[in-house]
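Now for the letters of each chain:
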Amino acid sequence: MRQIKILLLYPPEQSWPKTMVKPNGSLAYPYLAGALKNIGVESYIYDACVGNDKDNINNFFYKSTVLPSGMIRTGVSDNRILEIASNYDAVGITSIFSQQETQVLHCAKIIKKKFPNILLFSGGVNAKSRSSIFFNSGFDIIFTSESEIAIQQVAKIMRKNSKDFSSVGKIYFKDNNGKIVDNSNFGEILMDLDKLPIPAWELLPNKRYWKIGRPHGGKAKHGEELKYSSMMTSRGCPFSCSYCHIAEEVEGSKSGAIGKFRFKSDERVINELTILKEKIGAKQIFIEDDSIFGMKRRAIRLLKRIVGFGLDLMDVNGVNMIHLVKKSNRPGWMIPDEEVIELLSEVGFKEIVLPFESASPRIIKKWCSNKLALDRFDPGQLIKTIKKYNMYVGTNYMLGFPDESRKEIEETVKFARKMKDYGLDHSNFYLVMPVPGTPIFDYCIKNKHLPLDYNPDRFQWTKANLKNTQVPPQELEKIRDQAWESCNSEEFKNLRKSWVVGN
Ligand code: B12
Ligand code: SF4
């Protein structure tokens, strides 16, 4: 059996001038490295955006290198990436962010050119959706789903010195004749998440991330002591919003049923929290579940078991409001579920984000899987109740859906201003950005809101990404910018501005 080593590479980041840069550090690699460790395969995670102990971060992270596209690159040099890659038999490059695709493809091209024998893997929603471009850039295997099982199978085949991956499900691969084989129609999806490997968080450059201090979101202040990590207690979600990468992932899709809500046992979650606290030294945990309350009873049971853990918890992806309210005596009318809100605070939640998305019930119904609309509860009362328990509350709004009228957009902005007066701590406004792998992307291509040859470099949530919208693109951007300026405190705005690329 051949000994093999696999590198998991986060590519350098690219950002438009004046936009934020944050290192990736998402959970794919800790899980994949954990899976490889479980079968005795050595792997290493290198984040080319921040480097490792041998890289002087001041030489590249806070500096601007302008790319031919006009975007700014943040990361170590190409030569350094090649130096690291030279030690491995295979290099994985994750592609969950469409707007980072160019950097992923660039890394693949330079590695393949210099080391044609290194196998190149990619995975993540963007790689799956744009596989032909990826194969043309030198990738050998694209993983089309959650890949903890598939990467073990691929590694075992490599150990036998073979490149015949025909038995591995949920991948596309280039066979010996350069033909692309589609194996996405078979392969196991884990329904019992206790079978997932324990993520190898220790392989992430945690100390670098903490020093840089640009976590997933929220109120973290410049210079504040941050020791954060991410974890998931569940995967999948009972909703299916048009802009979500798992909205259409059901039995028989290229990724399989990963949209289905699945969860870890309480014991497993406690075990992971213990590792994060004691081994990793984390103090703040970002809960990255798609829908932590996907099964409310289970979430409440779990939360009760982790009271007193001593970690600050944050859910900045957004906790669906439907889970924070309960039925009232008035038919169809919901009121804050204070018991659940109090429990969140008791467990250590310091911050939650409410994904209001839109003030228009029509938009919520058509594009946001009819999540809780504003005509069914009093959002101000919900915010006040959460604030009562000293939690920081942010919110997300989306503006510029393909058929959204000026009046509907104005309604949302007006609503956001009103919510600020209830004590909301920040409001984020995202212009609709339809990314490959989502239903809204297919709609926009079909209805000519996006050109067929769209450029993922151009995807930007502060910029109008669509054509032929009711409110013209430039005006939409102005409305967004003004809404953000007027709904946020100077402190929050200054913090976000300090995270701008090159700073
Ligand atoms: C956390 C997160 C972030 C964090 C990451 C930092 C951190 N510390 O974790 C930050 C803040 C950086 C972030 C930012 C953004 N995010 Co975000 N984020 C996520 C989120 C919620 C979780 C990512 C994660 O850890 N997933 C868990 C792991 C286990 O799943 P996974 O990444 O899919 O990996 C599995 C498989 O895909 C596969 N796989 C993935 N990569 C690879 C690589 C190899 C080699 C192999 C073999 C397999 C493989 O195997 C993995 C294990 O099963 C996802 C949603 C989600 N549930 O994934 C959105 C998501 C990735 N984000 C999204 C978006 C849109 C954004 C932003 C544009 C949001 C914004 N408005 O700012 C920015 C873009 C940032 C950028 N650099 O350009 C979209 C991306 C869609 C797209 N096609 O681009 C997602 C999918 C959410 C969504 N539903 O739309 N995000
Ligand atoms: S609620 Fe969130 S995770 Fe669930 S489908 Fe909508 S966007 Fe996706």
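These figures come from a predicted structure and were not determined experimentally.

Q: Just to check I follow, could you spell out the sheet that holds strand S4 (residues 65-66) for this structure?
A: Paired through backbone hydrogen bonds, the strands of a sheet run either parallel or antiparallel to each other. Spatially, 3 strands are ordered S2-S5-S4 in an open sheet, and the strand pairing comes out antiparallel. Two strands bound the open sheet, and with one partner strand each, they are strand S2 (13-15) and S4. Two strands pair when backbone bridges link them, and S4 and strand S5 (residues 72-74) are joined in this way by 2 bridges, in the antiparallel orientation. Residue Val-66 lies in a different strand from S5, and its bridge partner there is Ile-72.

Q: Mind showing me how you'd approach the pairing of strand S14 (residues 284-287) here?
A: Along any regular strand, the residues point their side chains to alternate faces of the sheet. The two faces of S14 match: Gln-284 and Phe-286 on one face and Ile-285 and Ile-287 on the other face are all buried. Across 4 bridges, strand S11 (residues 228-231) lies against S14 in parallel orientation. Within S14, the residue paired with Ser-230 across the bridge is Phe-286. Where S14 and strand S15 (residues 312-315) come together, 3 bridges link them in parallel fashion. In the sheet register, Ile-285 faces S15, and the bridge partner there is Leu-313. In the classification by handedness, the crossover that spans S14, the intervening helix H9 (residues 296-305) and the parallel S15 is right-handed.

Q: Could you clarify how one ought to interpret the sheet that holds S14 in this entry?
A: In spatial order, the strands read S11-S14-S15-S18-S19-S20; together these 6 strands make up an open sheet with parallel pairing. Only two strands of the sheet have a single neighbouring strand rather than two, namely S11 and strand S20 (426-431). Across the sheet, the mean angle separating the axes of adjacent strands is 20° when strand polarity is ignored. Pairing analysis gives 3 bridges linking S15 to strand S18 (residues 349-357), with the strands arranged parallel.

Q: Even after reading the chapter, I still don't get the site of ligand 2, so can you show me in this structure?
A: Close to ligand 2 lie Cys-237, Phe-239, Ser-240, Cys-241, Cys-244, Ile-246, Ala-247, Asp-290, Ser-291, Asn-320 and Ser-369, which account for all nearby residues. Partitioning the shell around ligand 2 into residue classes produces 6 nonpolar, 4 polar and 1 charged.

Q: Honestly, the site of ligand 1 in this entry has me stumped. Any pointers?
A: The environment of ligand 1 is made up of 39 residues, and the closest members are Leu-27, Ala-28, Gly-92, Thr-94 and Gly-123. Among the elements of the structure, helix H1 (28-38), strand S6 (90-94), strand S7 (119-123), helix H4 (125-129) and helix H6 (148-159) are those that each provide at least two residues to the shell around ligand 1. Looking at the shell around ligand 1 residue by residue, the class counts come to 15 nonpolar, 18 polar and 6 charged. Both domains that furnish three or more residues to the shell around ligand 1 are identified here as domain 1 (5-182) and domain 2 (225-498).

The rules behind these values
Residue positions are given per chain, counted from 1 along the sequence in the order it is written. Chains carry letters and ligands carry numbers; both start at the beginning, A for chains and 1 for ligands, and go up in the order they are written. At least 70 in pLDDT is required for a residue's local features to be given in this predicted model, at least 80 for side-chain atom pairs to be given and counted, and no such filter applies to totals for whole chains, interfaces and linings, which use all residues. At least two bridges found by DSSP between two strands are what make those strands a pair. Elements are defined by DSSP. Helices are runs of H or I of four residues or more, strands are runs of E of two residues or more, and each kind is numbered from the N terminus. Whether a residue is buried, exposed or partly exposed follows from its count of other C-beta atoms within 10 Å of its own C-beta, namely 20 or more, 12 or fewer, or something in between, respectively; the C-beta atoms are built from the backbone. Seen with the strands pointing away from the viewer, any crossover whose path from the first strand over the helix to the second strand runs clockwise is right-handed. Under this scheme, a helix contributes an axis fitted over its contacting stretch, all axes are lines through C-alpha atoms, and angles between N-to-C directions fall in the 0 to 180 degree range. By definition, a residue lies near a molecule or strand when the C-beta atom built from its backbone is within 6 Å of it. For this classification, the nonpolar set comprises Ala, Val, Leu, Ile, Met, Phe, Trp, Tyr, Cys and Pro, the charged set comprises Asp, Glu, Lys and Arg, and every other residue, Gly included, is treated as polar. Domain segmentation is taken from an automatic or database assignment of domains.

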